[in-house]
Amino acid sequence: LKITLFIPFRRMLFFYLISLCILSAYGLYFTTTFIKQKIKGKILSFIIIFLLIILIFSIQFISFKNNSLPIKHSILNDQKYELLKYIESQYGERNVIMADPLTSFAIYPVTKNYAVGLLESNLDTGYRREQKDFFLEDCTKKEKIAKQLNVKIVIPKEAINCDFLEKKKTDKNIVFYKVKL
């Protein structure tokens, strides 16, 4: 979801969509009341209302069945969890860790260390631009960002070959980097 209409936060858009469910139920109530008033025979009005409800549910069922189910995104898999627990046991708490945005969500709850940035929301997200730049830029820019933010540990998705990073492995050969500044 890249845009929201007239509201600055995605969460507000989702609250708006929830309110649409309430308004839809209200509209359905008045539609059925209108049908009952216009059609004098009670049996005929109940049949029309019943067919209308079946039509609505069948359209919803068909659209649900045709659309593929959303892909379940996991914030933390077992390998990353073990890596974070290893970092906690070897390096302690209150270190600054540079990681991808999803892994960053789990850094503080699992290790009591600090993440550089989280995904955008209406909450304070830290240094998100620097986090993006760190994984996209060259080694000199990465080193400058690491010094600026006092980064101690880097958890990348891909290998990083920079002189200021010391490659480390856990007991289970999970790779991370210690900053040599």
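As the structure is a computational prediction, the values presented were derived from the model and not from experiment.

Chemist: Just checking my understanding: could you explain the sheet that holds strand β1 (residues 96–99) for this structure?
Modeler: Within a sheet, each strand pairs with its neighbour through backbone hydrogen bonds, oriented either parallel or antiparallel. Ordered in space as β2-β1-β3-β5-β4, the five strands form an open sheet in which the pairing is mixed. Only two strands of the sheet have a single partner each, and these edge strands are β2 (114–115) and β4 (165–169). Contacts between helix α4 (residues 101–111) and the sheet are confined to β1 and β2, with β1 contributing the most and set at about 155° to the helix.

Chemist: Just checking my understanding: could you explain the nonpolar core for this structure?
Modeler: With 15 residues, the main nonpolar core has Met98, Phe134, Val151, Val154 and Leu165 as its most contacted residues. Elements that contribute at least two residues to this core include exactly β1, α6 (139–149) and β5 (175–179). Those residues within four positions of methionine 98 in sequence are excluded, and the remaining contacts are Val116, Glu130, Gln131, Phe134, Phe135, Ile145, Leu149, Val151, Ile153, Val154 and Ile155. Counting 13 residues, the second largest nonpolar core, distinct from the first, contains Ile87, Ile107, Ile153 and Ile174.

Chemist: Is there a simple way to think about α6 in this case?
Modeler: One turn of the α-helix equals 3.6 residues, which is why residues spaced by three or four share an orientation. For α6, the complete set of buried residues consists of Lys142, Ile145, Ala146 and Leu149. Looking down the long axis of α6, one finds its buried residues gathered within 100° of arc, a one-sided arrangement. The exposed set on the far side of α6, more than 90 degrees from its buried face, consists of Thr140, Lys144, Lys147 and Gln148. On its buried face, α6 sits against β1, α5 (128–136) and β5. Backbone geometry just after α6 places asparagine 150 at a positive phi near 60°.

Chemist: How should the environment of serine 104 be read in this particular structure?
Modeler: Among the secondary structure elements, serine 104 is positioned in helix α4. Given a relative accessible area of 2%, serine 104 falls into the buried group. The spatial distance from the C-alpha of serine 104 to the C-alpha of leucine 119 is 8.6 Å, given a sequence separation of 15 residues. Residue contacts for serine 104: discarding those within four places in its chain leaves Ala99, Ala115, Gly117, Leu118 and Gln131.

Chemist: Whenever I open this one, α4 confuses me. Can you help?
Modeler: Every buried residue belonging to α4 is among Pro101, Thr103, Ser104, Ala106, Ile107, Val110 and Thr111, and all of these are buried. The inward-facing, buried residues of α4 contact α3 (78–91), β1, β2 and α5. Positive backbone phi, approximately 60°, marks lysine 112, located one or two places after α4.

Procedures and definitions
- Residues numbered from 1 in each chain as written.
- Predicted model: local features only at pLDDT ≥ 70, side-chain atom pairs only at ≥ 80, totals over all residues.
- Heavy atoms only, no water.
- Pairing = 2+ DSSP bridges.
- Helix = DSSP H or I, 4+ residues; strand = E, 2+ residues; numbered from the N terminus.
- Contact = heavy atoms within 4.5 Å.
- Axes fitted to C-alpha atoms, helices over the stretch in contact; angles between N-to-C directions.
- Core = buried A, V, L, I, M, F, W, Y, C linked by side-chain atoms within 4.5 Å.
- Buried < 20%, exposed > 50% of the residue type's maximum accessible area, 1.4 Å probe, protein only.
- Arc of directions from axis to C-beta.

Geometry only, nothing functional implied.
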